[in-house]
Amino acid sequence: QVQLVESGGGLVQAGGSLRLSCAASGRTFSNYTMGWFRQAPGKQREFVAAISWSESTYYADSVKGRFTLSRNNAKNTVYLQMNSLKPEDTAVYFCAAGPSLGAALVYWTQGYDYWGQGTQVTVSS
């Protein structure tokens, strides 16, 4: 089984930066695609970014150029570096893991088998 724990959320002013971490436990971590999703109150959970086992990266249009996703397999950790934050980025951010996802499937919640509990990101104007 894969267990995911997010950290690094908090309160930041617009234009600031924040780095989220997702620590994973599990012997097959390196074989998984790791994704980040976010959910604001009253809204659906939406795709933010993903990184495949081959380290291909995918970004939502809303965060492209501002967010950077990376992974460190030796530490079983993925990182979401968030720069130039906007109030619209305010949400609970969830880390997710799925095995051997195709390029199309990485954007959708149903592609992932495991989820963290989420970490709150609040961006003030």
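Look a little higher up for the structure.
Every chain is numbered on its own, with residues counted from 1 as its sequence reads. Reporting in this predicted model follows two pLDDT cut-offs: at least 70 for local features of residues, and 80 or more for side-chain atom pairs to be given and counted; totals over whole chains, interfaces and linings ignore these cut-offs and use all residues. Only hydrogens and water are removed before side-chain values are computed, so all heavy atoms of the structure are retained for them.

Engineer: What am I meant to see in the packing of aromatic side chains here?
Structural biologist: The description of an aromatic ring pair rests on the distance of the ring centres and on the angle between the ring planes. Side-chain rings of Phe, Tyr and Trp, where Trp is taken by its six-membered ring, are said to pair if the distance between their centres is within 6.5 Å; with planes under 30 degrees apart they count as stacked, over 60 as edge-to-face, and otherwise as tilted. For the coordinates displayed, the defined rule picks out seven aromatic pairs. With centroids separated by 6.1 Å and ring planes inclined at 80°, the aromatic side chains of Tyr58 and Tyr107 adopt a geometry described as edge-to-face. Pair noted here: Tyr58 is in strand β6 (residues 57–59) and Tyr107 is in the loop between β9 (91–99) and β10 (114–115), with a separation of 49 residues, a long-range link. Classification of Tyr58 by relative accessible area gives buried; the value is 17%. Both rings, one in Tyr112 and one in Trp115, keep their centres 6.1 Å apart while their planes meet at 65°; by these two values the pair is edge-to-face. Owing to a relative accessible area of 5%, Tyr112 belongs among the buried residues under this scheme. On the basis of relative accessibility, which here comes to 28%, the residue Trp115 falls in the partly exposed class. Here the aromatic residues Phe37, Phe47, Tyr58, Tyr107, Tyr112 and Trp115 are joined through ring pairs into a cluster of three or more. For a ring to carry a charge above it, either NZ of a lysine or CZ of an arginine must fall within 6 Å of the ring centroid while also lying within 35 degrees of the normal to the ring plane. The aromatic ring of Phe94 is capped on one face by Arg45, whose charged end is 3.7 Å from the ring centroid. Geometry around Trp115 places Arg45 over its ring, the cationic atom sitting 5.0 Å from the centre. Helix numbers and strand numbers start at the N terminus; a helix is a DSSP run of H or I with at least 4 residues, a strand a run of E with at least 2. Buried residues are those whose accessible area, probed at 1.4 Å on protein chains only, stays under 20% of the maximum for their type, while exposed residues exceed 50% and partly exposed ones sit between those limits.

Engineer: Would you mind showing me how to read the environment of Ser70 here?
Structural biologist: Structurally, Ser70 is set in strand β7 (residues 67–72). For the pair Ser70 and Pro87, spaced 17 residues apart in sequence, the C-alpha to C-alpha distance is 23 Å.

Engineer: Please explain the side chain of Ser52 as it appears in this structure.
Structural biologist: With respect to the secondary-structure elements, Ser52 resides in the loop between β5 (46–51) and β6. You can call Ser52 buried: its relative accessible area is 5%. Residues adjacent in sequence count toward polar contacts only when both atoms are side-chain atoms; beyond that, a polar contact is any pair of N or O atoms within 3.5 Å, and within protein one must be able to donate a hydrogen and the other to accept it. A polar side-chain atom of Ser52 sits 2.9 Å from a polar atom in the side chain of Ser54. Aside from chain neighbours lying at most four places away, what touches Ser52 is Tyr32, Thr33, Tyr58 and Arg71. Should any heavy atoms of two residues lie within 4.5 Å, those residues are considered in contact.

Engineer: Help me understand the pairing of strand β8 (residues 77–82), please; the structure alone is not making it clear to me.
Structural biologist: Consecutive side chains of a regular strand alternate in pointing toward one face of the sheet and then the other. Of all the six residues making up β8, five are buried; the element is thus mostly covered by neighbouring parts of the structure. In the sheet, strand β3 (residues 18–25) pairs with β8 via six bridges, with the strands oriented antiparallel. From the neighbouring strand, Leu18 faces β8, where its bridge partner is Met82. Of the strand pairs in this sheet, β7 and β8 are connected by six bridges, and their pairing is antiparallel. Across the sheet, the residue bridging to Phe67 is Met82, located in β8. Two strands make a pair as long as DSSP finds a minimum of two bridges between them.

Engineer: Explanation requested: the state of the cysteines in the structure shown.
Structural biologist: In a disulfide, the sulfur atoms of two cysteines are covalently bonded to one another. Cysteine sulfur atoms are paired as a disulfide whenever they fall within 2.5 Å. Summed over all chains, the structure comprises one disulfide. With a sulfur-sulfur separation of 2.1 Å, Cys22 is cross-linked through a disulfide to Cys95. One disulfide, between Cys22 and Cys95, carries an S-S torsion of -85° and so falls in the left-handed class. Here the residue Cys22 occupies a position in strand β3, and Cys95 occupies one in strand β9, the gap between them amounting to 73 residues. Summarising the burial analysis for this pair, Cys22 and Cys95 share the class buried.

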